[in-house]
Amino acid sequence: MTVRTRFAPSPTGFLHVGGARTALFSFLEARRRDGEYVLRIEDTDLTRSTPEAVQAIFDGLDWLGLTSQEPAVFQTKRFERYREVAQRLLAEGKAYHCYCSRETLDQMRAEAEARGEKPRYDGRCRNRSEPPPEGVNPVIRFRNPDSGQVVVNDRVRGKVVFENAELDDLIIWRSDDSPTYNFSVVVDDSDMGITDVIRGDDHLNNTPRQINLYLALGLTPPSFASLPMILGPDGAKLSKRHGAVNVMMYRELGFVREAMLNYLVRLGWSHGDQEIFSMSELEQLFSVDDVNQSASRFDIDKLRWLNQHYLKTLEPADLAEEIRWHLRRAGLDPEQGPAAEDLLIALRERVHTLEELAERAKVWFEPLSDYDDKAVAKHLKPEAAEPLRQVRQALADLSEWSAAQIDQVVRGVGEALGLGLGKVAGPLRVALTGTQVSPSIDHTIYLAGRDQALLRIDAALAKIEA
Ligand code: GLU
């Protein structure tokens, strides 16, 4: 049988970190076993689902590369199918209409609580014989078995036993003529041929109810894996309070897909003490059976560390498009400055994110007008004029504009004048950037381009004269 996993978000907001991890684990589990991974949009809650949220989820999955070959299934397109299955359960006596009003249910709850029992529906409509009350739209309830146990062999949590006596008759169809979550999920997962359900452990209590539905429908339930929660750095459940829970915000903050995926996979899964994993490695190594039971904590410093690792090791050409995206976000025109690849090579030892890279890159895109007073006072002194003039001349004559050639020029001038490298590079750095901080001087000059480099050295010489 072909392994099929699915990611089934409810489109009520963005793709958040927890959802992205569920998608990744489902994707990887399918990959390792040569299976298929599919998407389902659980949009039956018409009041909370929006087309913008659907788009936001697709955007997030797209960015991470967690899309499916098959078109996504939308639950709102499947109401007739759910209705058909609900009718079948009714016809087979496995479900029944319930006419109990809100007041009746509230009273039932209060009485159970007064007796010190867990509030649950008492099944009074199971065997109704009187005619239905006028003008009441009934719900449909599933006739849950009264006794026995449901054993969930959860692939993360292990064996979890539920008593049927604790599970009441689940509503599968609402009085507003719509299916409920637990019901539509079972119909979908079986129709879609899902063999492995991987989802957050907030659904663990739904699992025995779903298993009972599978059995009533004569179906074999899939396997279940309930993933532990992700906590914020403060130990509370990761939420909007912790800032960037929308995965696309991590893109905006300058994290690259490879780092994000590597980071997400380690939230609950490990392989020895290895930290760095490529996707192709993960496709062979990841197994949901090895996911940890305990909650994991979100650690932004680790994500930053991983991100810099990928900035330093990925092919610059593969990041060029993403870098240009960040430059535009920073208000810069990628066509009017150094190449994205060159920026990365010059800056990747100094930045952890592409947002920081774009910020640092500004100095090569905009005319230099701001000079740091301290830097000027320290480096643009009369004795700096000669080395600046000589470097300017050599740069103007340089046959090939490359960082390596520029490095030779700077060193050559230092040697010819008997000056240490700092005495040449210091003034040049202030001339080129207005500050004392920049990447190595050869790259700093190279990124400016010849015309700007000469212009900026001229401006510095003018400052010295003034
Ligand atoms: N739509 C559910 C959610 O977003 C997931 C349901 C499932 O995976 O079974 O929590």
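Placed above this text is the structure.
Residues numbered from 1 in each chain as written. Predicted model: local features only at pLDDT ≥ 70, side-chain atom pairs only at ≥ 80, totals over all residues. Heavy atoms only, no water.

S.K.: What is the right way to read the sheet that holds strand β5 (residues 139–142) from this model?
M.R.: Backbone hydrogen bonds are what pair the strands of a sheet, in a parallel or an antiparallel way. Across the sheet, three strands lie side by side as β4-β5-β8; this open sheet has antiparallel pairing. The sheet is open, and its two borders are formed by β4 (95–98) and β8 (171–173), each paired with just one other strand. Strand-to-strand twist in this sheet, taken as the mean axis angle between neighbours without regard to direction, amounts to 45°. With two bridges joining them, β5 and β8 adopt antiparallel strand pairing. Within β8, the residue paired with Arg-141 across the bridge is Ile-171. (Pairing = 2+ DSSP bridges. Helix = DSSP H or I, 4+ residues; strand = E, 2+ residues; numbered from the N terminus. Axes fitted to C-alpha atoms, helices over the stretch in contact; angles between N-to-C directions.)

S.K.: Teacher, can you tell me more about the site of the ligand here?
M.R.: In the vicinity of the ligand, the contacting residues are Arg-6, Ala-8, Pro-9, Ser-10, Glu-42, Tyr-181, Val-185, Arg-199 and His-203. Residue Arg-6 places a side-chain N or O atom 2.6 Å away from an oxygen atom belonging to the ligand. Contact distances for the ligand include 2.6 Å between a nitrogen atom and a side-chain N or O atom of Glu-42. Burial of the ligand by the protein amounts to 80% of the accessible area it has alone, namely 300 Å². Taken together, the residues of the shell around the ligand break down into four nonpolar, two polar and three charged. (Near = heavy atom within 4 Å. Polar contact = N/O pair within 3.5 Å; in protein donor to acceptor, adjacent residues only side chain to side chain. Areas by Shrake-Rupley, 256 points an atom, 1.4 Å probe, with all protein chains shown as cover. Nonpolar A, V, L, I, M, F, W, Y, C, P; charged D, E, K, R; others polar.)

S.K.: When you look at helix α5 (residues 181–191) in this model, what are you seeing that I'm missing?
M.R.: The periodicity of an α-helix, 3.6 residues per turn, causes residues three or four places apart in sequence to face the same way. Across the eleven residues of α5, eight count as buried, placing the element largely inside the fold. Every buried residue of α5 is listed here: Asn-182, Phe-183, Ser-184, Val-185, Val-186, Val-187, Asp-188 and Asp-189. Packed against the buried residues of α5 are β1 (4–7), β2 (36–41), α3 (79–91), β8, β9 (196–200) and α6 (207–216). Count one or two residues on from α5 and you reach Gly-193, which has phi positive near 70°. (Buried < 20%, exposed > 50% of the residue type's maximum accessible area, 1.4 Å probe, protein only. Contact = heavy atoms within 4.5 Å.)

S.K.: Mind showing me how you'd approach the packing of helix α8 (residues 257–265) against helix α10 (residues 300–313) here?
M.R.: When two helices pack together, their arrangement is given by the angle between their axes and by how far apart the axes lie. Relative to each other, α8 and α10 sit at 135°, their axes nearing to 8 Å. Overall, the two elements α8 and α10 adopt an arrangement that is oblique. Here the hand of the crossing between α8 and α10 comes out right-handed. In this structure, α8 contributes Glu-258, Ala-259, Met-260, Asn-262 and Tyr-263 to the contact, and α10 contributes Lys-302, Leu-303, Leu-306, Asn-307 and Tyr-310. For the contact of α8 with α10, the per-class residue count stands at six nonpolar, two polar and two charged. (Parallel < 35°, antiparallel > 145°, perpendicular 65-115°, else oblique. Left-handed = near helix turned anticlockwise from the far one by under 90°.)

S.K.: Explanation requested: the packing of α3 against α5 in the structure shown.
M.R.: Contact geometry of α3 with α5 gives a least axis separation of 10 Å together with a crossing angle of 105°. Relative to α5, the element α3 is oriented roughly perpendicular. Residue-level contacts link Arg-81, Tyr-82, Val-85, Ala-86 and Leu-89 of α3 to Phe-183, Ser-184, Val-187, Asp-188 and Asp-191 of α5. Of the residues in the contact of α3 with α5, the class split is six nonpolar, one polar and three charged.

S.K.: I would appreciate a short explanation of the pairing of strand β10 (residues 223–227) in the present structure.
M.R.: One face of the sheet, then the other: side chains in a regular strand alternate in exactly this way. Taken across its five residues, β10 has four buried, putting it largely inside the fold. Where β9 and β10 come together, five bridges link them in parallel fashion. From the neighbouring strand, Ile-198 faces β10, where its bridge partner is Ala-225.

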